[in-house]
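# Analysis of the macromolecular model
Given next are the chains, with one letter for each unit.
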Number of protein chains: 2
Amino acid sequence: MKSALVLFAHGARDPEWSVPFRNIQTKLAARCPEVAVELAFLELMPPALSETVERLAASGHDRITVAPMFMAQGGHVKRDVPRLVAELRECHPHIALELLPAVGEVEAVLDAITDWLVNSVKS
Amino acid sequence: MKSALVLFAHGARDPEWSVPFRNIQTKLAARCPEVAVELAFLELMPPALSETVERLAASGHDRITVAPMFMAQGGHVKRDVPRLVAELRECHPHIALELLPAVGEVEAVLDAITDWLVNSVKS
């Protein structure tokens, strides 16, 4: 299988907003050169998730993992993201499309945030 | 000095949205019992930052660190948060009010996200 990972973030009017996600993309490219890592946004900045998935499908990727770069489970993560992924599964039945939990639901990430805050208040 | 830390997040209509921040609050309380850890939100859910800072000031906290729980630097982090903190500094000149960078600007947090994604695509 040819694998890809999509960092799916909210989006903002300011192009600089995407910097942390491009930073993660670069780190992943260095550690998993066999996986194509792309960005996609829910609103306010391109590309849309459907556009990124279309492009990955066109270049032969048949296992695509969508990672929601959201801190918390609000309406976007609970409704918009699963709906978009369900639509994409219908459009691309030959692709194994996996949806990860939101980044803010990952215990190791919350632990890293906690470590940083402990260091910040103790310094 | 009596220290406090405010986890300052965007806010959402869904009360469940605040769960990851309450989770971090609990982890911090266990590791830094000497620091009061409170939540505050920019919009859509209470309490506001000013309300949390008022309450901490009223209970004698004179060193308050504000940690923006935002993944990326958009208009909120670039303009709204510094403006709110500047206003609070004017209202409370006796309090040392420190503003941390956004959580998505912290290299160790981005590394934790990357580690999780590497494990997710390799599994």
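Residues numbered from 1 in each chain as written. Chains lettered and ligands numbered in written order. Predicted model: local features only at pLDDT ≥ 70, side-chain atom pairs only at ≥ 80, totals over all residues. Heavy atoms only, no water.

Next up on the list: the overall build of chain A. If you tally the helices and strands in chain A, you get four helices and four strands. Considered along the principal axes of its C-alpha atoms, chain A spans approximately 50 × 35 × 30 Å. Counting the 123 residues in chain A, one finds 52% classified as buried. Put simply, of all contacts in chain A between residues at least 6 apart along the chain, 73% involve residues at least 24 apart. Between the mean site of the 12 positive side-chain charges and the mean site of the 16 negative ones, chain A shows a separation of 2 Å. (Helix = DSSP H or I, 4+ residues; strand = E, 2+ residues; numbered from the N terminus. Buried < 20%, exposed > 50% of the residue type's maximum accessible area, 1.4 Å probe, protein only. Contact = heavy atoms within 4.5 Å. Lys, Arg positive; Asp, Glu negative; His and termini not counted. Charge placed at Lys NZ, Arg CZ, Asp CG, Glu CD.)

Moving on: the sheet that holds strand β2 (residues 36-41) of chain B. Residues and elements named next belong to chain B. Read across the open sheet, the four strands follow the order β2-β1-β3-β4; overall the sheet is parallel. Pairing within the sheet leaves two strands with one partner each, and these edge strands are β2 and β4 (96-99). The average angle at which neighbouring strand axes cross in this sheet is 20 degrees, direction not considered. Pairing geometry for strand β1 (residues 3-9) and β2, over six bridges, is parallel. The partner of Leu5 across the bridge, within β2, is Val37. Most of the contacts of helix α2 (residues 49-58) go to β2, to which it runs at about 155 degrees, and overall it touches β1, β2 and β3 (63-68). (Pairing = 2+ DSSP bridges. Axes fitted to C-alpha atoms, helices over the stretch in contact; angles between N-to-C directions.)

Quick look at the nonpolar core now. A general trend in soluble globular proteins is that nonpolar side chains are found buried together. Residues A:Met69, A:Ile113, A:Leu117, B:Met69, B:Ile113 and B:Leu117 are the most contacted members of the largest nonpolar core, which totals 56 residues. When residues of this core are traced back to their parent elements, those giving at least two are β1 (3-9), α1 (19-31), β2 (36-41) and α4 (107-122) of chain A together with β1, α1 (19-31), β2 and α4 (107-122) of chain B. Counting residues in each nonpolar core, the second largest holds 20 residues, with B:Val6, B:Leu56, B:Ala57 and B:Ile64 among its members. (Core = buried A, V, L, I, M, F, W, Y, C linked by side-chain atoms within 4.5 Å.)

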